[in-house]
Amino acid sequence: MAKFALRLEARPSPSRLMSWLSPVLAVLLTVLCGALLFIALGHDPLAGLAVFFVEPLRDAHGWSELGLKVAPLLLIAVGLAICFRANIYNIGAEGQLTLGAICGGAAALYLDDGVGGAAIIGVSLVAGMAGGMAWAGLVAWLRDRYNASEILVSLMLVYIAQLLLSYLVYGVLRDPEGFNFPQSKLLSDGLLLPMVISDTRLHVGIVFALLASLGGWLYLSRSIAGFRLRVGGMAPAAARYAGFSSRKTLWSSLLICGALSGLAGACEVLGPMGQLTPTVSPGYGFAAIIVAFVGRLHPVGVIFSSFVMALFYIGGELAQSRLGLPSAITGVFQGILLFALLACDVLIQYKLRWRKHG
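Residues numbered from 1 in each chain as written. Predicted model: local features only at pLDDT ≥ 70, side-chain atom pairs only at ≥ 80, totals over all residues. Heavy atoms only, no water.

S.K.: Mind showing me how you'd approach the overall build of the protein here?
M.R.: Helix and strand counts for the protein come out as 13 helices and two strands. Relative to the globule expectation of 21 Å for 358 residues, the C-alpha radius of gyration of the protein, 22 Å, shows essentially globular dimensions. Each principal axis of the C-alpha atoms in the protein carries an extent, and together these give about 80 × 60 × 35 Å. Burial status across the protein gives 47% buried among its 358 residues. Taking all contacts inside the protein whose residues are at least 6 apart in sequence as the whole, residues at least 24 apart take part in 79%. As displayed, the protein offers around 17300 Å² of accessible surface, 67% of which is attributable to carbon and sulfur atoms. Once the 24 positive and 17 negative side-chain charges of the protein are each reduced to a mean point, those two points are 22 Å apart. (Helix = DSSP H or I, 4+ residues; strand = E, 2+ residues; numbered from the N terminus. Rg over C-alpha atoms; globule rule 2.2 N^0.38 Å. Buried < 20%, exposed > 50% of the residue type's maximum accessible area, 1.4 Å probe, protein only. Contact = heavy atoms within 4.5 Å. Areas by Shrake-Rupley, 256 points an atom, 1.4 Å probe, with all protein chains shown as cover. Lys, Arg positive; Asp, Glu negative; His and termini not counted. Charge placed at Lys NZ, Arg CZ, Asp CG, Glu CD.)

Written out as structure tokens, the structure is:
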């Protein structure tokens, strides 16, 4: 008796156009799956989707809150895009963000004279970048010296960074007048990042993020170092034949990513938080991995994907307050987006065929 099996067959020439449209299709599939999810939970799907994709865009306040989420996502995603283009799979940007928050926050607390100013803010931001670079540099050193997997090392360092943050805010950085709560004292108003739009929380971190996106694009597409990095990622054998240094690519990509992630962490402390707490990030470092791939590992493309991811964060918060849904709804939408993107990419590279057996 003949049997049929569904097999994947490689396409002779995958469509370049569909490759760029894949993220858009993935977002549309996420919206469709989200509607089905709301129906399964007993909610009006149109009302649920409106909470996620319409409510945050109704006024200037909503746009400013979106920009507040876009800033760290975009900063980290630009760095991750550079790493991934070099075939360096840095999964630990969350830890580098945390170290940036620790170093930037500690510098601000130490230098806080009650007045603040641009100089102290600048030193604190540089300290945050240095912290992120040091944490990423540890990954690069272990990979370079001992050939350790950067995936495992960077991921494990996330938890060390988070435990270090907890140790500090429960210990030497804890506010002595904070009623024993695990948090540092509040920074002076003069140490907080300037606002881009008055009467909102949107600070200059969004400007840093857009400049990082532009700088990342120039680096990858208009510089010799970026060309070497891209060649090393696409064709390692060709890069070695041309004399390009794989060590230099490893260190440069990880240090750039660490600096941008550390800057994102410092901006969170000197921005909306205004102090160090046991949790400085709702998972921006991990969400930025999805952002980087949805943005096609392009420093400009990640602007679109970071905006979509920011909608998920704001929409998830609104869904909790207005629809009574759990906080996990944000992670559910992020996961759906990732799997939808993977499915689209598979179907771009392969086509389904029924094959007869027996």
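S.K.: So what exactly am I meant to see when it comes to the packing of helix H3 (residues 60-85) against helix H7 (residues 205-222) here?
M.R.: Each pair of packed helices gets described by two things: the angle between the helix axes and the distance between those axes. For the pair H3 and H7, the least separation of the axes is 8 Å and the interaxial angle reads 20°. Regarding the angle of H3 to H7, the classification is roughly parallel. Judged by the sense of rotation from one axis to the other, the crossing of H3 with H7 is left-handed. Across the interface between the two elements, Gly67, Val70, Ala71, Leu74, Leu75, Val78, Ile82 and Arg85 from H3 touch Gly205, Ile206, Phe208, Ala209, Leu210, Ala212, Ser213, Gly216, Tyr219 and Leu220 from H7. Residue composition of the contact of H3 with H7, by class: 13 nonpolar, four polar and one charged. (Axes fitted to C-alpha atoms, helices over the stretch in contact; angles between N-to-C directions. Parallel < 35°, antiparallel > 145°, perpendicular 65-115°, else oblique. Left-handed = near helix turned anticlockwise from the far one by under 90°. Nonpolar A, V, L, I, M, F, W, Y, C, P; charged D, E, K, R; others polar.)

S.K.: Sorry if this is basic, but what is going on with helix H5 (residues 118-146) here?
M.R.: Each α-helix turn comprises 3.6 residues. Residues three or four places apart therefore point the same way. With 29 residues, H5 ought to run about 42 Å at 1.5 Å a step, and its terminal C-alpha atoms sit 41 Å apart, in line with that. Within H5, burial applies to Ile120, Ile121, Ser124, Leu125, Gly128, Gly131, Gly132, Trp135, Ala136, Gly137, Val139 and Ala140. Buried residues along H5 sit against helix H4 (93-111), helix H6 (150-169), H7 and helix H10 (246-273). Directly after H5, the chain includes Asn147, whose backbone phi takes a positive value near 55°. (Expected span 1.5 Å × (residues − 1).)

S.K.: Would you take a moment to explain the environment of Ile197 for this structure?
M.R.: Mapped onto the fold, Ile197 is located in the loop between H6 and H7. When the C-alpha positions of Ile197 and Ser64 are compared, they lie 7.7 Å apart, and in sequence the two are 133 residues distant.

S.K.: How should the pattern of salt bridges be read in this particular structure?
M.R.: Two side chains of opposite charge can pair, provided their charged atoms sit close to one another. For the coordinates displayed, the defined rule picks out seven salt bridges. In this structure, Glu55 engages Arg58 in a salt bridge whose closest nitrogen and oxygen atoms are separated by 2.9 Å. The network of salt bridges with shared partners includes Glu55, Arg58 and Arg322. (Salt bridge = Lys/Arg side-chain N within 4 Å of Asp/Glu carboxyl O.)

S.K.: Is there a simple way to think about unusual backbone geometry in this case?
M.R.: Across residues other than glycine, the phi torsion is negative in most instances, and most of the peptide bonds are trans. Positive phi outside glycine occurs at Asn180, with the angle close to 70°. Counting through the fold element by element, Asn180 comes out in the loop between H6 and H7. The exposure class assigned to Asn180 is exposed, which follows from its relative accessible area of 58%. Phi angles above zero are rare outside glycine, and Asp199 is one such case at about 65°. Relative to the elements of secondary structure, Asp199 occurs in the loop between H6 and H7.

S.K.: What should I look at first to understand the nonpolar core in this one?
M.R.: Nonpolar side chains in soluble globular proteins tend to end up buried together. In this structure, Leu80, Leu276, Met309 and Leu337 are the most contacted members of the largest nonpolar core, which totals 93 residues. Residue contributions to this core peak at 14 residues, all from H3. With residues up to four places along the chain from it excluded, the contact list for Leu80 reads Asn90, Ala93, Cys257, Gly285, Ala288, Ile289 and Ala292. (Core = buried A, V, L, I, M, F, W, Y, C linked by side-chain atoms within 4.5 Å.)

S.K.: Just checking my understanding: could you explain a nonpolar patch on the surface for this structure?
M.R.: A contiguous nonpolar surface patch, about 700 Å² in accessible area, is contributed by Leu6, Leu8, Val346, Leu347, Tyr350, Leu352 and Trp354. Within the residue set of the nonpolar patch, elements represented by two or more residues are strand S1 (3-10), helix H13 (329-349) and strand S2 (350-357). For the nonpolar patch, the element with the most residues is S2, which contributes three residues. (Patch = residues over 30% accessible without salt bridge, like charges linked within 9 Å, V, L, I, M, F, W, Y side chains within 5 Å.)

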